[in-house]
Amino acid sequence: MLSAALGRRSCSCVRRRRRLCPTLPSSSGCPASPLSPSPLRILSSPSSSRGVQGSSLQPGANNVKPLEGVKILDLTRVLAGPFATMNLGDLGAEVIKVERPGVGDDTRAWGPPFVGTESIYFLSVNRNKKSIAVNMKNPKGAKIIRELAAVSDVFVENYVPGKLAEMGLGYEDINKIAPHIVYCSITGYGQTGPAFQRAGYDSVAAAVSGLMHITGPEDGDPVRPGVAMTDLATGLYTYGAIMAGLLQRYKTGKGVHIDCNLLSSQVACLTHIAANYLNCKMEAKRWGTAHGSIVPYQAFKTKDGYLVVGAGNDQQFVTVCKILNLLEVSKDSRYKTNKLRVQNRKELIEILSARFSEKMTTKWLELFEGSGVPYGPINSMQQVFSDPQPVVVSLSDPVKHIGPSKPQ
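Conventions adopted
- For every chain, the first residue of its written sequence is number 1, and the numbers climb from 1 along that sequence.
- Per-residue local features of the predicted model are confined to residues with pLDDT of at least 70, and side-chain atom pairs are confined, for both listing and counting, to 80 or more; whole-chain, interface and lining totals are unaffected and use all residues.
- To obtain the side-chain values, all non-hydrogen atoms of the structure were included, while hydrogens and water were left out.
- By definition, any uninterrupted DSSP run of H or I lasting at least four residues is a helix, any uninterrupted run of E lasting at least two residues is a strand, and each is numbered from the N terminus.
- Each residue is placed in one exposure class: buried if its accessible area under a 1.4 Å probe, protein chains only, is under 20% of its type's maximum, exposed if it is over 50%, and partly exposed if it falls in between.
- Whether two residues are in contact is decided by their heavy atoms, any of which lying within 4.5 Å being enough.
- All accessible-area figures derive from a Shrake-Rupley calculation using a 1.4 Å probe, and residue coverage is judged against the displayed protein chains alone.
- We call Phe, Tyr and Trp rings a pair once their centres come within 6.5 Å, taking the six-membered ring for Trp, and we label the pair stacked below 30 degrees between planes, edge-to-face above 60, and tilted otherwise.
- Residues with no salt bridge and a relative accessible area higher than 30% make up the patches, which join like charges within 9 Å and nonpolar side chains (Val, Leu, Ile, Met, Phe, Trp, Tyr) within 5 Å.
- We define a salt bridge as a side-chain nitrogen of Lys or Arg found within 4 Å of a carboxyl oxygen belonging to Asp or Glu.
- Here the rule is simple: two strands pair whenever DSSP picks up at least two bridges between them.
- What counts as an axis is a line fitted to C-alpha atoms, over the stretch in contact for a helix, and the angles between N-to-C directions run from 0 to 180 degrees.

**As for the overall build of the protein**
Secondary structure assignment for the protein yields 18 helices and eleven strands. Counting every position in the protein, which comprises 408 residues, the buried fraction comes to 44%. Looking at the protein alone, contacts between residues at least 24 apart form 70% of all its contacts between residues at least 6 apart. When the accessible area of the protein is evaluated, it comes to approximately 20,700 Å², of which 57% is carbon and sulfur surface.

Listed below in structure tokens is the structure:
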């Protein structure tokens, strides 16, 4: 009965459970925000499909999304987890978001701005979902979660390690009733170690992982990135790990416990910065918009704004000098190779900066067009979403939102 109800695009299971777990209004459905861009596009679809175990994919259906029929029980809050499950929902998964009675996800209160009474922050990472509110500390509420898990393919949570186990909802508990489950835990610092029970927030993880140490003006203070990149990176790792978990289950018939955490995700994203230290004991520093190993590769101030230019090889550097009418610079022995340009960064950047400041951004855009050199202006949000590039236009396609969806 429960399985059949979950298979429909409705919240009938919420209505049946209203007495035990106060919920979102049954008419509210799931948030679907027209203000949250999605990069996912399925350009073509095969004539037949290999179904994921436990799913309802039908071979030969050209319009079936990759994860259609996959059910995800989402116990995550704030950003990393909701971002991961939203992307899975974009691919067709049915996502049931479990929230706290009365208040819901913390981000419902994060604002302004609001659309009516709804936080835009919350809407931006919770489209494609059905929301229910369950008091999991109540044994009856925990029972509901176990019943939902038994008919789901994926279970995602971001509680402090051990917290769900106290409610009978840890991996071992769920695995007993749903051995097929792909159970994904998202934490701040992992399942073990001296910090494993600390709560994890993006800014703190960005600081501890070294991201803030390398972000900001060269001679200034550490800076938090403009968006929560540690949370978002963890969400993308989670998204990929869940997809891999589903594929592994398809091959083995067994579920898996996935461990994703903010600290590991961000340290992994340090890539060459971490490798520089591990291999050469080279301590990292802040470079502003510049790059420690490539010159020129940064933002230059123009007469009315900024232009970012990246010369990733020697030929591109020569092209940049031609556009700037600085042919003598391209022939200077101090700048012949990238290694030399890095060594003589200060002098070279001063020369290039002086020339970039002479013209308007639009003029430089005209001159760089078709050159083969990577370039682009630093855009405001208004400029981003008025850009004629088709990819950007499709990123802001509106989607239907059934709301309001504030818990009561």
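**A closer look at the packing of aromatic side chains**
Applying the stated criterion across every chain, the model contains seven aromatic pairs. Arranged with centres 5.5 Å apart and planes meeting at 75 degrees, the rings of Tyr171 and Tyr183 form a pair that is edge-to-face. Of the two residues, Tyr171 sits in helix 7 (residues 171-177) while Tyr183 sits in strand 7 (residues 182-187), which places them twelve residues apart along the sequence. The exposure classification of Tyr171 matches that of Tyr183, with both residues buried. Aromatic pair Phe356 and Phe368: ring centres 6.2 Å apart, planes at 10 degrees, arrangement stacked. Of this pair, Phe356 sits in helix 15 (residues 345-356) while Phe368 sits in helix 16 (residues 361-368); the two residues are twelve residues apart in sequence, bridging distant segments of the chain. Across the pair, Phe368 and Phe356 agree in class, each one buried. Members of the aromatic cluster, connected to one another through ring pairs, are Phe300, Phe356, Trp364, Phe368 and Tyr375.

**Here's the deal with a nonpolar patch on the surface**
On the surface, Trp110, Tyr201, Val204 and Val208 cluster together into a nonpolar patch covering about 370 Å² of accessible area. Examined against the element boundaries, Trp110 turns out to sit in the loop between strand 2 (94-99) and strand 3 (114-115).

**Describing the pattern of salt bridges**
Tallied over the full model, the rule gives 13 salt bridges. A salt bridge links Glu218 to Lys285, with the nearest nitrogen and oxygen atoms 3.0 Å apart. Residue Glu218 is located in the loop between helix 8 (202-208) and helix 9 (229-252), and its partner Lys285 is located in the loop between helix 11 (271-280) and strand 9 (297-301); the two are separated by 67 residues in the primary sequence.

**Some points on helix 12 (residues 314-323)**
One turn of an α-helix holds 3.6 residues; hence residues three or four places apart share an orientation. Regarding helix 12, the residues found buried are Gln316, Phe317, Thr319, Val320, Cys321 and Ile323. For helix 12, the elements touching its buried residues are strand 10 (306-310), helix 13 (327-331), helix 14 (338-343), helix 15 and helix 16. Positive backbone phi, at 60 degrees, marks Asn325, one or two positions downstream of helix 12.

**Section: the sheet that holds strand 9**
Strand order in the open sheet formed by three strands is 9-10-11, with antiparallel pairing between adjacent strands. Strands at the two margins of the open sheet, each flanked by one partner only, are strand 9 and strand 11 (375-377). Taking the axes of each pair of neighbouring strands and ignoring which way they run, one obtains an average angle of 20 degrees across the sheet. Pairing geometry for strand 9 and strand 10, over five bridges, is antiparallel.

**Observations regarding the sheet that holds strand 1 (residues 71-75)**
Spatially, six strands are ordered 5-2-1-6-7-8 in an open sheet, and the strand pairing comes out parallel. One side of each edge strand has no neighbouring strand; the edge strands of this open sheet are strand 5 (129-133) and strand 8 (256-261). Between one strand and the next, the sheet's axes are offset by a mean angle of 20 degrees, whatever the strand orientation. The pairing of strand 6 (residues 154-157) with strand 7 spans four bridges and is classified as parallel.

**Regarding the pairing of strand 10**
Here strand 9 folds back onto strand 10 in antiparallel fashion, the turn holding four residues. As paired elements, strand 10 and strand 11 share three bridges and run antiparallel to each other. Within the sheet, the bridge partner assigned to Val309 lies in strand 11 and is Tyr375.

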